[in-house]
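# A structural walkthrough
Chain by chain, the residues run as shown.
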Amino acid sequence: MVSKCLMTVKGSVKVEEFGLVLPHEHLFTDLRGPSDPGYAQGDVDKVIEIMRPNLDAAAEAGVTALVECTPEGVGRNVEMLTRLAEITPIHIICPAGVYKEEFHPSAYLDYDEAEVAEIFVRELTEGIAGSSVRGGFIKLAASGNGPTEIEQRNLRAAAQASQKTGAVIASHTESAAVAQREIAVLEATGLDLSRFIWVHASVEPDVETHLAAARKGVYIEYDTINTASPDDYNRILTHLLEMLDAGLGDRLLLSHDAGWYDPAHPDGWEGMRGYTEIIDDFIPTLRDRGVDDAAIQMLTRDNPLQAFGMDC
Ligand SMILES: [Zn+2]
């Protein structure tokens, strides 16, 4: 039987080794974009100092892996992630891929689909940016009214790379309309839609659109779970229970979209959040609402391992 592994920044790790996995978080992100002179640079010691308490708290709470969702264009820095992986028992997964069009490094605007596919495959099978650190999935993003032509090219290239490597594609998506257009592009390539994650589905208020995409096999990611916004929190809770009732719990992923070290704010910033609210608060709430241990195990461990697992 073929084993399944997650590709971490330290290499391939068998899925049996993992417990709770957070499928969408950030450690080091730079939203100033690639044309900023300081883009994606930071003092490693400072980054470790600022991020260590969050990683320690997450490890203590039982997090075993954190999927870092920062691709090229918004500060991906494999050296930083490798150094952070040395100070924590939590496995860190880094993405192949590129963020939305307005954040593309200029070369990315001229590539054709085959060239982008080749870059993604190289990042997944050889290493990112000349390093030997391999991507564990493909992260993309669609603009607010996207996907644009360029972003559609990225989706088709990602589908090619996914079909070659088994990597899952996670795309930042701000509404159901955008998700439906992304899904149509991927369907036309023949991609198995269980290789696609609708990132930020939790911001789309119409749960019927979640159910419809999940029935096609798409992973629905509720990744903005944050007790600071009670309306969002309660909406996500209601949607999650509806997905479970519909028998689609195996399509759900849960995360915080939290963090991160921002090199524009080297001493930390007020929006920084840790990675334990799901464990400290959301899971107990789910238990209160009658969700059993088996379902919680499915939501927090089995589903992310199936989504991000690749043959090894
Ligand atoms: Zn994110």
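Description of the structure in this document.

Calculation criteria
- Residues numbered from 1 in each chain as written.
- Predicted model: local features only at pLDDT ≥ 70, side-chain atom pairs only at ≥ 80, totals over all residues.
- Helix = DSSP H or I, 4+ residues; strand = E, 2+ residues; numbered from the N terminus.
- Rg over C-alpha atoms; globule rule 2.2 N^0.38 Å.
- Buried ≥ 20, exposed ≤ 12 C-beta atoms within 10 Å, placed from the backbone.
- Contact = placed C-beta atoms within 7 Å.
- Pairing = 2+ DSSP bridges.
- Right-handed = clockwise from strand over helix to strand, strands pointing away.
- Expected span 1.5 Å × (residues − 1).
- Axes fitted to C-alpha atoms, helices over the stretch in contact; angles between N-to-C directions.
- Left-handed = near helix turned anticlockwise from the far one by under 90°.
- Nonpolar A, V, L, I, M, F, W, Y, C, P; charged D, E, K, R; others polar.
- Core = buried A, V, L, I, M, F, W, Y, C linked by C-beta atoms within 7 Å.

The helix and strand tally for the protein chain stands at nine helices and twelve strands. Expected size for 312 residues packed as a compact globule is a radius of gyration near 20 Å; at 18 Å, the protein chain falls within 12% of this value. Each principal axis of the C-alpha atoms in the protein chain carries an extent, and together these give about 50 × 45 × 45 Å. The burial tally for the protein chain puts 49% of its 312 residues in the buried class. Considering only contacts in the protein chain between residues 6 or more positions apart, those separated by 24 or more positions represent 79%.

A few words now on the sheet that holds strand β2 (residues 11-14). In spatial order, the strands read β2-β1-β12; together these three strands make up an open sheet with antiparallel pairing. Looking at which strands have only one partner, the edges of the open sheet turn out to be β2 and β12 (310-311). Of the strand pairs in this sheet, strand β1 (residues 4-8) and β12 are connected by two bridges, and their pairing is antiparallel. For Lys4, the partnering residue across the bridge sits in β12 and is Asp311.

Of all six residues making up strand β3 (residues 20-25), six are buried, and the element is well covered by its neighbours. Of the pairings in the sheet, the one linking β3 to strand β4 (residues 63-68) comprises four bridges and is parallel in character. If you follow Val21 over to β4, its bridge partner there is Ala65. Traced from β3 through helix α1 (residues 44-61) to β4, the parallel crossover comes out right-handed.

Our focus in this paragraph is the environment of Lys4. Counting through the fold element by element, Lys4 comes out in strand β1. Judged by the 17 C-beta atoms lying within 10 Å of it, Lys4 is partly exposed. Here the alpha-carbon distance between Lys4 and Gly309, two residues 305 residues apart in the chain, equals 5.4 Å. Aside from chain neighbours lying at most four places away, what touches Lys4 is Val15, Gly309, Met310, Asp311 and Cys312.

The end-to-end C-alpha distance of helix α8 (residues 277-288) is 16 Å, a good match for the 16 Å that twelve residues give at a rise of 1.5 Å each. Buried residues belonging to α8 abut β11 (252-254) and α9 (293-308). Once α8 finishes, Gly290 follows within two positions and takes phi at roughly 95°, a positive value.

Time to look at the packing of helix α6 (residues 207-215) against helix α7 (residues 230-245). The interhelical angle for the contact between α6 and α7, taken along N-to-C directions, is 40°, at an axis separation of 10 Å. Of the two possible hands of crossing, α6 and α7 adopt the one that is right-handed. Residue-level inspection shows Val207, His210, Leu211 and Ala214 of α6 in contact with α7, the latter providing His239, Glu242 and Met243. Classifying every residue of the contact of α6 with α7 by side-chain character gives four nonpolar, two polar and one charged.

So, on to the sheet that holds β11. What the six strands build is an open sheet, ordered β6-β7-β8-β9-β10-β11; its pairing is parallel. The open sheet terminates on both sides in strands that have one partner only, identified here as β6 (95-97) and β11. Averaged over all neighbouring strand pairs, the angle between strand axes comes to 30°, with direction disregarded. In this structure, strand β10 (residues 219-222) lies alongside β11, joined through three bridges in parallel fashion. Bridge pairing in β11 places Ile220 opposite Leu252. Along the sheet, α9 makes contact with β7 (137-141), β9 (196-199), β10 and β11, crossing β11 at roughly 110°.

By the element assignment, Ile138 lies in strand β7. Judged by local crowding, Ile138 falls into the buried class, with 30 C-beta atoms found within 10 Å. Each C-alpha atom of the pair Ile138 and Glu270 lies 29 Å from the other, and the pair is 132 residues apart in sequence. Apart from the residues within four sequence positions on either side, Ile138 is in contact with Pro95, Ala96, Gly97, Phe120, Ala158, Ala161, Ser162, Ala167 and Ile169.

Counting residues in hydrophobic clusters, the biggest one holds 93 residues, and the most contacted among them are Leu81, Phe120 and Ile197. If sequence neighbours within four positions are ignored, Phe120 has contacts with Ala96, Gly97, Ile138, Ala157, Ala158 and Ala161.

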